[in-house]
Amino acid sequence: MFNILISDPLSEDGIRPLREAPNMNLVNETNLSTEELEDRIGEFDALLVRSQTQVTRELINKATRLKIIGRAGVGVDNIDLDAATENGIIVVNAPNGNTNSAAEHTIAMLMSLSRNIPQAYHALKHKKWDRKKYVGVELKNKTLGVVGLGRIGAEVAFRAKGQRMNVVAYDPFLTKERADKMGIGYGTLEEVIEQADFITVHTPLMKETRHLINAEAFERMKQGVHIINCARGGIIDEDALYDAIVSKKVAGAALDVFEEEPFIDHKLLELPEVVATPHLGASTIEAQEIVAVDVSHDVLSFLNGDVVKNPVNLPSVPGELMHKIEPYFHLAEKLGGFLIDLTKEVAEEINISYSGDLSDMEVAPLTRNTIKGILKRHLGDHVNDVNALYLANKKGIVVNENKTSSTKGFTNLITVEVKSKSGTRKVAGTLLNGFGPRIVKVDEYSVDVTPEGHLVVIQHVDQPGVIGRMGSTIAKHQINIATMQVDRSDIGGNAIMVLTIDKHLEEEAMEELKSLEEIKEVTPIDL
Ligand SMILES: NC(=O)C1=CN([C@@H]2O[C@H](COP(=O)(O)OP(=O)(O)OC[C@H]3O[C@@H](n4cnc5c(N)ncnc54)[C@H](O)[C@@H]3O)[C@@H](O)[C@H]2O)C=CC1
Ligand SMILES: O=C(O)CCC(=O)C(=O)O
């Protein structure tokens, strides 16, 4: 049974897939204080939030069972992603479900601002019929500057063209081709804000975008510019905005989001030029249902061991590609586990090479699985796909990945090399069509071993009788040999045996094997 906490209001229809799934115990507690949340978070396997719940490092450190955080929406600035990653907790979001809702809200705010609708409404409600005070400005032929032309920014640009506005955008990823195709202008941030009559921001809130629109930016703008923020509080410096409105540089601002929410007692709200909504961009029945469905599906998939569609702290791999590489996950993790047991030391450098069919695939998930297999041996079961690379990095382990189209006799091959204080060890494996994963190389020796169960790698000198003596020693300890592979460098030279046995090779049997004259090294490996 998985315990799932929903700590912000989510659409009841949207979370139905989770509610109806077997083994899912949903707890809806949307009014918990920070302290209550910290006290209870240890009970839960999954946490579902919108933008209200602050998923801080302190909370994550107390979330000892937590495996997944689902954000029903786009922005994940209320979640400490580093802390989640370090703790091996996957974060998923629902990036597409509220695009339309947020774009429509932005247009509503743009029009409210240009025609003073909220102010006029408020006056009328207070029995004031004032037609002169609320004369507006038209949008037609005015320039809208869009800062951040992602999902929402692009939708806003498209709709603003419907209002016959000229649109000019800045986004670091915006190319001339795309701008031409959309029928909009483009420029640097400075060029865009200098030209625009209305400026709307649609970037995520990150270190790089905090106070992107600051006092200096307001200086550059046209006299009487209008500002809209339906993205995130903090992209615009609220104090600088206040000063720019008071000085009449900015004619008005429409704000849905604020540096601190809830936003109630702030000097900006006292200015008649400011129209505001309490973070309602995504608040439509349709958007709330879609984001809750999307995030519920991902949480369900993850808890059931399936692939998620919208991971935030893992690179996302398209479904079709995932389908192709998923069969290699097991092989990659087993190769990592096999090799680190063989190495017997902590890895200092890990080199992973993909060849044949794998050379033109996105192999990052396989690299993570290999690293997971390696690190689990030293760091335990809390190592997972989410934190494997982070932990390797933190331990100072160098990870290199390379691809080669050369087939080396196999249609696909993963070769893993570990460098440690005592030298370099290597293992290679393949996925045999219809026969599953196989280890085909151990160091320079060729073998054919299923990476499963109890294995023993014995390095020895190629001499008559050694296999027999090894067999009798093992038999003495009541251990049955299921499979055996032997290879050698040359006649009478170094050689290797890889055995699959029916139970773990105990210390006593291992010591006895090691005492045989021709045997140099015995390594039990349990996969
Ligand atoms: N008010 C509300 O209720 C809602 C707010 N949002 C917020 O809207 C924002 C945009 O969301 P989406 O369009 O879905 O995200 P998106 O990821 O599709 O687009 C963001 C765009 O910003 C661009 N960008 C990043 N850094 C930039 C910079 N320094 N200057 C200019 N552009 C930059 C990116 O290249 C990207 O194209 C997010 O902050 C999100 O949290 C989203 C939904 C509802
Ligand atoms: O959950 C909400 O209502 C806020 C949505 C939002 O801000 C986002 O998706 O980034």
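Residues numbered from 1 in each chain as written. Chains lettered and ligands numbered in written order. Predicted model: local features only at pLDDT ≥ 70, side-chain atom pairs only at ≥ 80, totals over all residues.

Enquirer: I would appreciate a short explanation of the UniProt feature "domain: ACT" (unreviewed entry) in the chain in the present structure.
Expert: As recorded in UniProt, the sites labelled "domain: ACT" (unreviewed entry) are residues 455-527. Here residues 455-527 is 26% helix and 42% strand, with 8 Å between the C-alpha atoms at its ends. (UniProt positions renumbered as here; feature names shortened; annotations may be inferred. Helix = DSSP H or I, 4+ residues; strand = E, 2+ residues; numbered from the N terminus.)

Enquirer: I would appreciate a short explanation of helix H7 (residues 151-162) in the present structure.
Expert: Structurally, the α-helix is built with 3.6 residues per turn, so residues lying three or four positions apart point the same way. Between the first and last C-alpha of H7 there are 17 Å, a value that for twelve residues agrees with the 16 Å anticipated at 1.5 Å per step. Three or more residues of H7 are buried, namely Ile152, Gly153, Ala154, Val156, Ala157 and Ala160. Among the structural elements, helix H5 (99-115), strand S6 (143-147), strand S7 (166-170), helix H8 (176-182) and strand S9 (198-201) are those in contact with the buried residues of H7. Looking one or two places after H7, you find Arg164, whose phi comes out positive at around 65 degrees. (Expected span 1.5 Å × (residues − 1). Buried ≥ 20, exposed ≤ 12 C-beta atoms within 10 Å, placed from the backbone. Contact = placed C-beta atoms within 7 Å.)

Enquirer: Even after reading the chapter, I still don't get the site of ligand 2, so can you show me in this structure?
Expert: Neighbouring ligand 2 are the residues Arg50, Ser51, Gly73, Val74, Gly75, Asn98, His279, Gly281, Ala282 and Ser283. Residue classes in the shell around ligand 2 are distributed as two nonpolar, seven polar and one charged. (Near = placed C-beta within 6 Å. Nonpolar A, V, L, I, M, F, W, Y, C, P; charged D, E, K, R; others polar.)

Enquirer: What am I meant to see in the packing of H5 against H7 here?
Expert: A packed helix pair is summarised by two numbers, namely the angle formed by the two axes and the spacing between the axes. Interaxial distance between H5 and H7 falls to 9 Å at its minimum, and their mutual angle equals 50 degrees. On the basis of the axis angle, H5 is oblique to H7. As H5 packs across H7, the resulting crossing turns out to be right-handed. Along the contact surface, H5 presents Thr99, Asn100, Ala102, Ala103, Thr106 and Ile107, while H7 presents Arg151, Ile152, Glu155, Val156 and Arg159. Across the contact of H5 with H7, the residue classes tally to five nonpolar, three polar and three charged. (Axes fitted to C-alpha atoms, helices over the stretch in contact; angles between N-to-C directions. Parallel < 35°, antiparallel > 145°, perpendicular 65-115°, else oblique. Left-handed = near helix turned anticlockwise from the far one by under 90°.)

Enquirer: In this structure, what is going on with the environment of Gln163? I would like to understand it.
Expert: Considering the arrangement of structural elements, one finds Gln163 in the loop between H7 and S7. You can call Gln163 partly exposed: it has 17 C-beta atoms within 10 Å. When residues no more than four places from it in sequence are discounted, the contact partners of Gln163 are Leu139 and Lys140.

Enquirer: Help me understand the site of ligand 1, please; the structure alone is not making it clear to me.
Expert: As a structural note, the neighbourhood of ligand 1 is formed by 33 residues, with Gly75, Gly148, Gly150, Ile152 and Gly281 the closest of them. Elements with a contribution of two residues or more to the shell around ligand 1: H5 and H7. If one sorts the elements of the shell around ligand 1 by residue count, H7 sits on top with three residues. The residue makeup of the shell around ligand 1, split by class, is 16 nonpolar, twelve polar and five charged.

Enquirer: For this particular structure, what's the right way to read the sheet that holds strand S5 (residues 90-93)?
Expert: Strand pairing in a sheet is mediated by backbone hydrogen bonds. Such pairs are either parallel or antiparallel. One open sheet holds the five strands; their spatial order is S2-S1-S3-S4-S5, and the pairing between them is parallel. Every interior strand has two partners, whereas the edge strands, strand S2 (24-28) and S5, have only one. Sheet twist, expressed as the average angle between the axes of neighbouring strands with direction ignored, equals 20 degrees. When strand S1 (residues 2-6) meets strand S3 (residues 46-49), the two strands line up parallel, connected through three bridges. Residue pairing for S3: Ile4 is matched across the bridge by Ala46. (Pairing = 2+ DSSP bridges.)

Enquirer: What exactly am I supposed to notice about H5 here?
Expert: Over its 17 residues, H5 runs 24 Å from end to end, which matches the ideal 24 Å to within 8%, given 1.5 Å per residue. Those residues of H5 that sit buried are Thr99, Ser101, Ala102, Ala103, His105, Thr106, Met109, Leu110, Ser112, Leu113 and Ser114. Asn116 lies just past H5 and shows a positive phi near 55 degrees.

Enquirer: Please clarify how the sheet that holds strand S17 (residues 436-442) should be interpreted in this entry.
Expert: A sheet is described by the order of its strands in space; here six strands give the open sequence S14-S13-S15-S16-S17-S18, paired in mixed fashion. Looking at the sheet topology across the chains shown, the edges are occupied by strand S14 (398-404) and strand S18 (445-449). The mean inter-strand angle of the sheet, taken between neighbouring strand axes irrespective of direction, is 20 degrees. Sheet analysis places strand S16 (residues 423-432) next to S17, joined by six bridges and oriented antiparallel. Residue pairing in the sheet places Leu432 in a bridge with Gly436 of S17. Each of strand S15 (412-420), S16 and S17 touches helix H13 (residues 319-343); the most contacted strand, S16, lies at about 155 degrees to it. Helix H14 (residues 364-379) rests against strand S13 (349-356), S14 and S15 of the sheet, and its axis sits at about 140 degrees to S13.

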